[in-house]
Every structure is written in C-alpha cells, then in structure tokens.
Amino acid sequence: MRFRAKIVDLACLNHFSRVTGTIARLARSCALRLTAGKLFFILADRAAGGGAGLWCELCQGNYFDEFQMEGVAAEHNEIYLEVVPENLSRALKTAQNAKAFKIKLTNKHCPCLRVAVELTSLSNSSRIVTHDIPVAVIPRRLWNDFREPSVPDFDVSIYLPALKTMKSVVERMKNLSNSIVIEANLSGEMNLKIETAVVCVTTHFKDLGNPPWGKLDGCPSSSQVRDPESMAEARIDIKKLQQLLAGQQVNPTKALCNIVSKRIVHFVLLHEDVSLQYFIPALA
C-alpha cells in the first residue's frame with residue numbers, strides 16, 4: 001500500500017487548501033478515500049444516529065502534478081484512511097506561497113501522512129517544513145460503510161440563493177431557535193422559517209429556478225407529478241446548516257438543495273473540479 005503526490009502549481013495548491021478548509025469546518029474526523037483518479041472526503045455519521053453526512057469528490061488530475069498510489073490489492077486498488085481534516089488544513093496553510101507541496105503515506109511508528117512544504121526564503125535558498133499527520137488505515141471489511149450515498153427520491157429540488165445572503169439570514173435566525181424549517185416548491189420559491197412559542201420569522205426567496213432532473217435521467221421522480229405550488233418542507237438543526245454555509249471557501253458555481261419532506265435535506269455544491277454533497281436529517 002503506497003501513496004505519494006506533489007503539487008507545484010500555486011493556484012492548484014491554494015484551491016486544494018480551500019477545499020480541505022471547508023471539509024475541516026464540516027467534520028472533526030472523516031475518511032479519505034484514494035483511488036487512481038480521485039480523492040474523496042467522506043463523513044458517514046448519518047448511519048450513527050442522526051448526524052450529518054458528507055461526500056466530497058475531487059479529480060486528482062486537476063490538482064496534482066504527480067500522483068502515485070498502490071491500493072491494498074491489485075483488484076482493490078484503493079486506500080481508505082481515517083483523518084482529522086483540521087490537521088491537513090493546518091499543514092496546507094503553511095504552504096500558501098510554497099514552491100512545492102508533497103504528501104506521502106508513511107508508517108514509521110504509526111501510519112502518517114507526511115506533508116513536506118518547500119518554502120523559499122529571502123536568500124533564495126529553500127527550506128522544507130514537514131508535518132506528520134497521524135491517520136488510521138480503514139480495513140477493507142469496513143469499506144462498505146463509506147459507499148457513495150444514494151440521492152434520495154426527493155419531493156422538491158431547487159437552486160439555492162446566493163450563499164452569502166443565505167448565511168447572513170441563518171446567522172440572524174440562529175439566535176432565535178435551535179431549528180429551522182426549509183420549504184420549497186417547483187415554482188422556484190423557497191422559505192426559511194423559524195417558529196417558536198414567542199416568535200415566527202420567515203424569509204422568502206423567489207425566482208430561484210428548479211434543476212431539470214427529470215429531463216436528464218428519464219426516470220419520473222415524485223417531484224414530477226407534484227403540484228408546482230405545493231411546498232415540501234423539513235425542519236433541521238440550524239447549527240448544521242450554519243456550519244455548511246460558514247465553512248464555504250470554494251465558491252461553488254452551482255448550489256442546490258433537494259428536500260425529502262420531513263426526512264432529509266440534501267445539499268449539492270458544484271465547482272468545476274470539486275463536488276460536495278451534504279445531508280442533514282430532519283428533526284422529529
């Protein structure tokens with residue numbers, strides 16, 4: 001089992017740093033899955049009782065100048081590691097003006113991701129800063145716990161408003177309640193609602209647009225036979241939503257959410273070379 005990779009391009013390095021920074025805001029610990037073509041950050045908390053789930057996918061060719069890996073076996077050419085993304089994010093922050101960033105899986109006293117950052121000094125000589133990030137190798141018998149989550153058969157799918165706008169609304173609302181209701185319909189309308197014994201606050205968004213899912217895959221979903229004005233809603237933990245909005249460092253080109261009434265809200269944030277899915281289960 002081997003893995004080593006290198007980034008020389010500063011723009012790619014900074015982008016990779018922003019992605020890991022976003023993951024660090026969303027997960028204390030997660031699985032890092034390495035394949036020949038892609039990297040995945042996976043948080044499978046949902047199975048463990050009502051936590052949020054995360055699936056972030058990156059094409060390694062868009063970031064790394066060199067990328068070599070050998071999986072656990074020829075027929076299972078993958079590596080699964082448990083990492084603390086904050087540690088990786090911290091190491092990447094030291095690499096902001098680096099000449100090169102190298103990462104490699106080592107096993108001296110325990111499995112580690114060794115990060116080596118080559119920095120230039122004022123005298124033009126370079127110095128190398130290394131970080132050893134402890135990881136745990138996830139055995140193959142547990143890999144099924146980290147499968148790609150299936151997209152739920154949602155009632156409504158809608159594009160999100162500007163994330164900065166949504167973030168400022170949610171930040172104000174979180175002082176009033178621990179939960180928030182997200183509701184949307186197939187006419188491009190979405191509401192964020194707080195309802196308590198003392199106060200009821202609603203923010204309305206219009207003309208957001210609905211993704212053309214049905215036209216793409218040819219399978220009718222429950223959303224296609226739905227009254228366009230009818231709202232689907234789910235009440236979710238407001239802190240989890242705020243975490244997602246506050247953690248964004250990637251500036252997605254498209255952001256949407258799928259609502260399964262009273263069950264789950266599935267957020268999809270797409271950038272040209274990274275996709276992030278975040279699942280927040282509904283509260284009872």
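Residues numbered from 1 in each chain as written. Predicted model: local features only at pLDDT ≥ 70, side-chain atom pairs only at ≥ 80, totals over all residues. Heavy atoms only, no water.

J.: Teacher, can you tell me more about the sheet that holds strand S9 (residues 126-134) here?
T.: Within a sheet, each strand pairs with its neighbour through backbone hydrogen bonds, oriented either parallel or antiparallel. In space, the 5 strands of this open sheet follow the order S5-S1-S7-S8-S9, with antiparallel pairing throughout. Both outer strands of the open sheet, strand S5 (66-70) and S9, are each paired with one neighbouring strand and no more. Neighbour-to-neighbour, the strand axes of this sheet turn through a mean angle of 15°, independent of strand direction. Two elements, strand S1 (residues 2-7) and strand S7 (residues 100-107), share 4 bridges in a ladder whose sense is antiparallel. Pairing of Arg 4 across the sheet is with Lys 104, part of S7. Here helix H2 (residues 85-93) sits on the sheet and contacts S7, strand S8 (111-120) and S9; the angle it forms with S9, its principal contact strand, is near 175°. (Pairing = 2+ DSSP bridges. Helix = DSSP H or I, 4+ residues; strand = E, 2+ residues; numbered from the N terminus. Axes fitted to C-alpha atoms, helices over the stretch in contact; angles between N-to-C directions. Contact = heavy atoms within 4.5 Å.)

J.: Before we go on, may I ask you to explain helix H5 (residues 238-246) in this structure?
T.: For an α-helix, the turn length of 3.6 residues means that residues three or four places apart are oriented alike. By the burial criterion, the buried members of H5 are Ile 238, Leu 241, Gln 242, Leu 244 and Leu 245. End-on view of H5: buried residues confined to an arc of 160°, all on one side of the axis. Where H5 begins, the side chain of Asp 237 points an oxygen toward the backbone nitrogen of Lys 239, at a separation of 2.8 Å. (Buried < 20%, exposed > 50% of the residue type's maximum accessible area, 1.4 Å probe, protein only. Arc of directions from axis to C-beta. Polar contact = N/O pair within 3.5 Å; in protein donor to acceptor, adjacent residues only side chain to side chain.)

J.: It is not clear to me how the domain arrangement of the protein should be interpreted in this structure. Could you clarify?
T.: Domain annotation of the protein identifies domain 1 (2-145) and domain 2 (156-281). Residue-level contacts link 22 residues of domain 1 with 18 residues of domain 2. With both chains or domains summed, domain 1 and domain 2 bury close to 1700 Å², and 56% of this area falls on carbon and sulfur atoms. Taken as a group, Thr 22, Arg 25 and Leu 26 account for 30% of the area that domain 1 buries against domain 2, more than any other trio of residues on that side. Where domain 1 touches domain 2, the interface holds 0 salt bridges. Scanning the region where domain 1 abuts domain 2 turns up 6 residue pairs in polar contact (both at pLDDT 80 or more). The set of elements that each furnish at least two residues to the side of domain 1 that touches domain 2 consists of helix H1 (10-26) and strand S4 (53-59). The greatest single-element share of the side of domain 1 that touches domain 2, amounting to 9 residues, is contributed by H1. Broken down by class, the residue content of the side of domain 1 that touches domain 2 amounts to 10 nonpolar, 8 polar and 4 charged. (Domains from an automatic or database assignment. Buried area = accessible area lost by both parts, 1.4 Å probe. Salt bridge = Lys/Arg side-chain N within 4 Å of Asp/Glu carboxyl O. Nonpolar A, V, L, I, M, F, W, Y, C, P; charged D, E, K, R; others polar.)

J.: Explain the pattern of salt bridges here, please?
T.: Side-chain pairs of opposite charge can arise whenever the charged atoms involved come near each other. In this structure the tally under the stated criterion is 11 salt bridges. For Glu 70, the salt bridge identified is with Arg 2, shortest N-O distance 3.8 Å. Highlighted residues: Glu 70 in strand S5 and Arg 2 in strand S1, separated in sequence by 68 residues. Note on Arg 2: relative accessible area 56%, which makes it exposed. Taking the shortest distance from any N to any O, the salt bridge between Lys 38 and Glu 57 comes out at 2.7 Å. Remark: Glu 57 occurs in strand S4 and Lys 38 occurs in strand S3 (residues 38-44); sequence separation between them is 19 residues. Overall, Glu 57 belongs to the buried group, its relative accessible area being 18%. One connected set of salt bridges, linked through shared partners, spans Glu 183, Lys 193, Glu 195 and Arg 235.

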